[in-house]
Amino acid sequence: MESPLEAWSEFNVAMLGGTAALVGLLIVAMSVNIKDILAAEPLPSRAAAAVATLTLALVVCALGLVPGQPLWAYGAETALGTAALAVVVIRAVGSVYRSSGAPRGTRFPKALLLLAPVAAYAAGAVLLLMDDGAGLAWLGAGAILGVIAGAAFAWVVLIEVLR
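This write-up is about the structure you can find in this document. Quick caveat: nothing in here was measured; it's all calculated off a predicted structure.

### Let's talk about the packing of aromatic side chains
The geometry of an aromatic ring pair comes down to the distance between the two centres and the angle between the two planes. Counted by the stated rule, this structure contains 1 aromatic pair. Relative to F11, the ring of W8 has its centre 5.3 Å away and its plane inclined at 90°; by these criteria the two rings are edge-to-face. Note on W8: relative accessible area 27%, which makes it partly exposed. Take F11: its relative accessible area is 24%, and that puts it in the partly exposed class.

### Things to note about the environment of L145
Checked against the element boundaries, L145 lands in helix α6 (residues 135-158). On the basis of relative accessible area, L145 is assigned to the partly exposed category, the value being 29%. The sequence separation of L145 and M30 amounts to 115 residues, and the corresponding C-alpha distance is 20 Å. Beyond its immediate chain neighbours, meaning those up to four positions away, L145 contacts A116, P117 and A120.

### What about the environment of A14?
For A14, the location among the structural elements is in helix α1 (residues 9-32). The class of A14 is exposed, set by a relative accessible area of 53%. Linking A14 and C61, residues 47 residues apart in sequence, is a C-alpha distance of 9.0 Å.

### Some thoughts on the nonpolar core
Membership of the largest hydrophobic core comes to 23 residues, with the highest contact counts inside it found for Y74, V89, L114 and Y121. When contributions to this core are tallied by element, the ones reaching two or more residues are α3 (43-63), α4 (71-98), α5 (104-129) and α6. Top contributing element to this core by residue count: α4, with 8 residues. Ignoring any residue separated from it by four or fewer positions in sequence, one finds L114 in contact with R46, A49, V89, A92, V93 and V96. Core analysis: the second largest hydrophobic core is formed by 15 residues, V23, M30, I37 and F153 among them.

### Let's talk about a nonpolar patch on the surface
Nonpolar side chains collect at one region of the surface, where L25, W155, L158 and I159 lie side by side and expose about 350 Å² of accessible area between them. Along the chain, W155 turns up in helix α6. For W155, a relative accessible area of 47% corresponds to the partly exposed category.

Each value, and the rule that gives it
Along each chain, the written sequence defines residue order, and numbers are assigned to residues from 1. For this predicted model, a pLDDT threshold of at least 70 governs which residues receive local features, and a threshold of 80 or more governs which side-chain atom pairs are given and counted, while totals over whole chains, interfaces and linings are taken from all residues. Side-chain measures were taken over the full set of non-hydrogen atoms in the model, leaving aside hydrogen atoms and water. For Phe, Tyr and Trp, rings pair up if their centres lie within 6.5 Å, where Trp contributes its six-membered ring, and each pair is then called stacked (planes under 30 degrees apart), edge-to-face (over 60) or tilted (otherwise). We call a residue buried when its accessible area falls under 20% of the maximum for its residue type, exposed when it is over 50%, and partly exposed in between, using a 1.4 Å probe and counting protein chains only. Numbering of helices and strands runs from the N terminus, with a helix taken as a DSSP run of H or I at least four residues long and a strand as a DSSP run of E at least two residues long. Any two residues having at least one pair of non-hydrogen atoms within 4.5 Å are treated as being in contact. For our purposes a nonpolar core is just a set of buried Ala, Val, Leu, Ile, Met, Phe, Trp, Tyr and Cys residues, chained together by side-chain atoms within 4.5 Å. Only residues whose relative accessible area exceeds 30% and that form no salt bridge are eligible for patches; like-charged ones are grouped when within 9 Å, while nonpolar side chains (Val, Leu, Ile, Met, Phe, Trp, Tyr) are grouped when within 5 Å. The Shrake-Rupley method, run with a 1.4 Å probe sphere, supplies the accessible areas, and residue values consider only the shown protein chains as cover. Salt bridges, as used here, are contacts in which a Lys or Arg side-chain nitrogen is within 4 Å of a carboxyl oxygen on Asp or Glu.

See the structure below:
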């Protein structure tokens, strides 16, 4: 009988490659504009959150390829990574809300973009800890949301920071 994880192997392989490329792009973009990023109050913590979010997407997809792994173990691994990510993201959200330069109307969407992958990973981890294969879909959603958040921040450090 096929493990629920085996059905997600192609997704995990594809996400690993795409996310790794995006992490590389983001790090290069940040290195090119590092002075501007460090000068803008919320950007350093948002940069940390973007890198951490993409890194967790890489780790979760890689761990999903471990052969013979029980769902509860995958859930535990994801829960640990999600807890670490949550710490970084909560700091970034606080920085976004403390920033005097950001228009008020943009703060909530920025915070939501940062928090959405954390919420999806947390939901997936809890379901997997309960040995419920539905958690795999939540992890997939978390990875996709993480890529969206990372791509949005890559746009900020490549284009918006130079305006």
